[in-house]
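Chain residues, written in single-letter form:
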6 protein chains.
Amino acid sequence: MKKIKSDYPEVYDAITKLNDAVFNGKALDYKTQKLIAIGIVASRCDQSATEKQMRSAMHELNVTPDEIADVLRVVLLLSGMPSFTKGMRILEEIEK
Amino acid sequence: MKKIKSDYPEVYDAITKLNDAVFNGKALDYKTQKLIAIGIVASRCDQSATEKQMRSAMHELNVTPDEIADVLRVVLLLSGMPSFTKGMRILEEIEK
Amino acid sequence: MKKIKSDYPEVYDAITKLNDAVFNGKALDYKTQKLIAIGIVASRCDQSATEKQMRSAMHELNVTPDEIADVLRVVLLLSGMPSFTKGMRILEEIEK
Amino acid sequence: MKKIKSDYPEVYDAITKLNDAVFNGKALDYKTQKLIAIGIVASRCDQSATEKQMRSAMHELNVTPDEIADVLRVVLLLSGMPSFTKGMRILEEIEK
Amino acid sequence: MKKIKSDYPEVYDAITKLNDAVFNGKALDYKTQKLIAIGIVASRCDQSATEKQMRSAMHELNVTPDEIADVLRVVLLLSGMPSFTKGMRILEEIEK
Amino acid sequence: MKKIKSDYPEVYDAITKLNDAVFNGKALDYKTQKLIAIGIVASRCDQSATEKQMRSAMHELNVTPDEIADVLRVVLLLSGMPSFTKGMRILEEIEK
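Keep in mind the model is a prediction, meaning the values are calculated, not measured. (Residues numbered from 1 in each chain as written. Chains lettered and ligands numbered in written order. Predicted model: local features only at pLDDT ≥ 70, side-chain atom pairs only at ≥ 80, totals over all residues. Heavy atoms only, no water.)

(A) Local environment of the overall build of chain A. When helices and strands are tallied, chain A shows 6 helices and 0 strands. Order of helices (α) and strands (β) in chain A, N terminus to C terminus: α-α-α-α-α-α. Taken over the C-alpha atoms alone, chain A extends approximately 40 × 30 × 25 Å along its principal axes. Out of the 96 residues belonging to chain A, those deemed buried represent 60%. When contacts within chain A are restricted to residue pairs at least 6 apart in sequence, long-range pairs at least 24 apart make up 49% of them. When the accessible surface of chain A is totalled, it reaches about 3,800 Å², and 48% of it is carbon and sulfur. Across chain A, the 14 positively charged side chains and the 14 negatively charged ones have centroids separated by 3 Å. (Helix = DSSP H or I, 4+ residues; strand = E, 2+ residues; numbered from the N terminus. Buried < 20%, exposed > 50% of the residue type's maximum accessible area, 1.4 Å probe, protein only. Contact = heavy atoms within 4.5 Å. Areas by Shrake-Rupley, 256 points an atom, 1.4 Å probe, with all protein chains shown as cover. Lys, Arg positive; Asp, Glu negative; His and termini not counted. Charge placed at Lys NZ, Arg CZ, Asp CG, Glu CD.)

Next comes the structure, spelled out in structure tokens:
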């Protein structure tokens, strides 16, 4: 993000403003939104985004492995086995 | 699902068992998992699944439009404008 | 495809040639490849392509509803419930 | 899957039951369903799942490289060049 | 977008700012970015977004059907036949 | 592609013909089509295809980093943050 900030400051500003608008919802707390974020990226095959979302949820918000596993259960039902096993493997590597 | 139950009972039983295992998590309540489900299907271009998830969340669990809008904010950030506007349009039609 | 043939004949020719190369494989017969095609499009949220593939498989190759349901079982495992239920609903409507 | 079995046994049981229901179809044999599975995962950008499906198909069921290449032909037509070339590259690496 | 503007003004503002930052690039003109947008949404199975992007490109920027067809050629190569034929069908309906 | 050429020459020929038909459009130049290609692959989570498309655009057609960043702005709006940041990271690594 450093390069975006220095080279494309108007894009950086727009992302910052978007991020604020997204995570200051009317009804849900930040932790619930973060769990939703994990569900969305784990449902796609985006390994690096999934790992980043899981790590920040665990470090910033003390989200537990069991809570992430409960997110991945929903992924299993709605997006199938490959997304689920990939998500569980990423979680296991983070826990080591 | 009626046809699946009558014609493919072993698939129906497996889905029922899977559904139970998914929504009886260790840490998250049913409502949070349901919000995650809305986020996942709205992030894809699956209109009918999104509508179904939103309706059941609102009717079974009293999820409010503002709560769903907060889910869609996360969808906007992680999956872009088309998924967000489609989700908002579905929500608006349900509210009518 | 009529419009493509008249307005963009070089694209039409390329598609025809590609189609021939795809469905004259070395090892698998046309029916198996057609079942694979149904699995791929049903795994995505592409309703019109799924219906088209199912119809042509049933009419040209006498693929049975039970064979298509067996394709959709694999879709259930690898791509989740929404793709599976959508595929089963399309199959049911074709059978009517 | 070991961790899932020990930590989330009810999820593990549900997956086992689902797997049995999926691969004991009414009409198609296991090998055909396995080829469909390869087509589905290769159509997405899921490299690890594609490799796993190809390896187990080749080792458990004696699926040949030409048969997998015939699956990838369908992927080329329905999902485009990047999925096809990625699938061919994975196949080539397995064959070495 | 009216409802978003009235009910979630901070989200509306963030989207407006993002939109400005996106379409005031350093190097590419608006028309080229619009053609890229058509390519992206047509590559997914998002019919309504594809139609909206095509219409606004044709009405605001005088993009021609042949230019859109050239976008769809790239879609054919990178995302396969179903996305291409769906895009061509939408284009044909707009031209009527 | 060497292996495809030697082992599956009819597939190789079909791809060559398709490639020619795609990149010899009626209205758009090769560079514009190449930028569209980058937008499409960057919108998906296909890292290797994105890198390949960016590299060939920069080396064959002197596409600049600012032009690619303008493509990625459209990706940000239509496909969300994870695709955008992944695309920017790939671009940055190529520039090193």
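(B) Local environment of the relation of the copies chain D and chain E. In screw terms, the move from chain D to chain E is a rotation of 180 degrees and a rise of 0.0 Å along the axis, fitting with an RMSD of 0.0 Å. As the rotation angle and translation indicate, the two copies are arranged about a two-fold axis. Closest approach to the rotation axis within chain D is made by the C-alpha atom of D:G80, at a distance of 2.0 Å. Of all interface residues in chain D, 100% are interface residues in chain E too; the two copies therefore contact each other through one and the same surface. (Least-squares fit on C-alpha atoms with pLDDT ≥ 70 in both.)

(C) Layout of the interface of chain B and chain A. Facing the 32 residues of chain B at the interface are 32 residues of chain A. In terms of surface lost to chain A, no three residues of chain B exceed B:R73, B:L77 and B:L78, which account for 21% of the buried area on that side. Our count for the contact surface shared by chain B and chain A stands at 0 salt bridges. Where chain B packs against chain A, one counts 16 residue pairs in polar contact (both at pLDDT 80 or more). Secondary-structure elements contributing two or more residues to the side of chain B that touches chain A are α2 (9-23), α3 (30-43) and α5 (65-79) of chain B. Counting residues per element, the side of chain B that touches chain A draws most heavily on α5(B), at 11 residues. For the side of chain B that touches chain A, the residue count by class is 17 nonpolar, 9 polar and 6 charged. (Buried area = accessible area lost by both parts, 1.4 Å probe. Salt bridge = Lys/Arg side-chain N within 4 Å of Asp/Glu carboxyl O. Polar contact = N/O pair within 3.5 Å; in protein donor to acceptor, adjacent residues only side chain to side chain. Nonpolar A, V, L, I, M, F, W, Y, C, P; charged D, E, K, R; others polar.)

(D) Spatial organisation of the interface of chain D and chain E. Listed as interface residues are 6 residues of chain D and, on the opposing side, 6 residues of chain E. Together, the buried faces of chain D and chain E total about 420 Å²; carbon and sulfur atoms form 64% of this surface. Of all residues in chain D, D:L77, D:L78 and D:M81 give up the largest surface area on contact with chain E, accounting jointly for 62% of the area buried on that side. The interface formed by chain D and chain E contains 2 residue pairs in polar contact (both at pLDDT 80 or more). Within the residue set of the side of chain D that touches chain E, elements represented by two or more residues are α5 (65-79) and α6 (81-95) of chain D. When residues in the side of chain D that touches chain E are grouped by element, the largest group, 3 residues, is from α5(D).

(E) Main features of the nonpolar core. A:F84, B:F84, C:F84, D:F84, E:F84 and F:F84 are the most contacted members of the largest nonpolar core, which has 222 residues in total. Residues in contact with B:F84, not counting those within four places in the same chain, are B:L72, B:R73, B:V75, B:L76, E:I4, E:V11 and E:I15. (Core = buried A, V, L, I, M, F, W, Y, C linked by side-chain atoms within 4.5 Å.)

(F) Here's a closer look at the relation of the copies chain B and chain A. Once turned by 180 degrees and shifted 0.0 Å along the axis, chain B lies on chain A with an RMSD of 0.0 Å. A high fraction, 100%, of the interface residues of chain B reappear at the interface in chain A, so the copies pair face to face through one surface.

(G) Seen up close, helix α2 (residues 9-23) of chain E. Relative to the 21 Å expected for 15 residues at 1.5 Å per residue, α2(E) spans 21 Å between its end C-alpha atoms, a close match to the ideal helical length. Of the positions making up α2(E), those classed as buried are E:V11, E:A14, E:I15, E:L18, E:A21, E:V22 and E:F23. Those residues of α2(E) that are buried are in contact with α2 (9-23) of chain A, α5 and α6 (81-95) of chain B, α1 (2-7) and α3 (30-43) of chain E together with α5 (65-79) of chain F. (Expected span 1.5 Å × (residues − 1).)

(H) How the structure looks around the side chain of E:S79. Summarising the element assignment, E:S79 is placed in helix α5 (residues 65-79). A residue is classified by how much of its surface remains accessible, and E:S79, at 4% relative accessible area, is buried. Only 3.0 Å separates the side chain of E:S79 from the side chain of F:R44, close enough to count as a polar contact. Setting aside chain neighbours within four positions, we find E:S79 in contact with D:L78, D:S79, D:G80, E:S43, F:I40 and F:R44.

(I) Broad picture of the environment of F:N24. Among the structural elements, F:N24 can be located in the loop between α2 (9-23) and α3 (30-43). What F:N24 contacts, discounting residues up to four positions off in sequence, is C:E10, E:R73 and F:Q33.

(J) Looking closely at helix α6 (residues 81-95) of chain F. All names here are of chain F. Here α6 spans 21 Å end to end across 15 residues, near enough to the 21 Å set by a 1.5 Å rise per residue. With 11 of 15 residues buried, α6 lies mostly within the body of the structure. Where α6 is concerned, the buried positions are M81, P82, S83, F84, T85, K86, G87, M88, I90, L91 and I94.

(K) Main features of the packing of helix α3 (residues 30-43) of chain A against α3(B). Contact geometry of α3(A) with α3(B) gives a least axis separation of 8 Å together with a crossing angle of 45 degrees. Between α3(A) and α3(B), the angle falls in the class oblique. For the pair α3(A) and α3(B), the sense of crossing is right-handed. Within the contact between the two elements, α3(A) uses A:T32, A:L35, A:I36, A:G39, A:I40 and A:S43 and α3(B) uses B:T32, B:L35, B:I36, B:G39, B:I40 and B:S43. (Axes fitted to C-alpha atoms, helices over the stretch in contact; angles between N-to-C directions. Parallel < 35°, antiparallel > 145°, perpendicular 65-115°, else oblique. Left-handed = near helix turned anticlockwise from the far one by under 90°.)

(L) Examining the confidence of the model for chain A more closely. On average, residues of chain A score 96 in pLDDT, and 100% of them reach the 70 mark or higher. Reported confidences for the modelled complex are a pTM of 0.97 and an ipTM of 0.96. (pLDDT = per-residue confidence, 0-100.)

(M) How the structure looks around the side chain of C:R73. Relative to the helices and strands, C:R73 is located in helix α5 (residues 65-79). On the basis of relative accessibility, which here comes to 1%, the residue C:R73 falls in the buried class. In terms of polar contacts, C:R73 uses its side chain to reach the side chain of B:E10, at 2.9 Å. Here C:R73 is in contact with B:Y8, B:E10, B:V11, C:F84, D:A21, D:V22, D:N24, D:G25, D:K26 and D:Q33, once residues within four sequence places are set aside.

(N) Just unusual backbone geometry, in detail. All names here are of chain B. Its identity is not glycine, yet N62 carries a phi of approximately 55 degrees, on the positive side. Examined against the element boundaries, N62 turns out to sit in the loop between α4 (47-61) and α5. A relative accessible area of 61% places N62 in the exposed class.

(O) Spotlight on the packing of helix α4 (residues 47-61) of chain D against α6(D). Residue and element names in this part refer to chain D. It is at 10 Å that the axes of α4 and α6 come closest, and there the two elements cross at 50 degrees. As far as their axial angle goes, α6 and α4 are oblique. Where α4 crosses over α6, the handedness of that crossing is right-handed. Along the contact surface, α4 presents Q47, T50, E51, M54, R55 and M58, while α6 presents K86, G87, I90, L91, I94 and E95. Across the contact of α4 with α6, the residue classes tally to 5 nonpolar, 3 polar and 4 charged.

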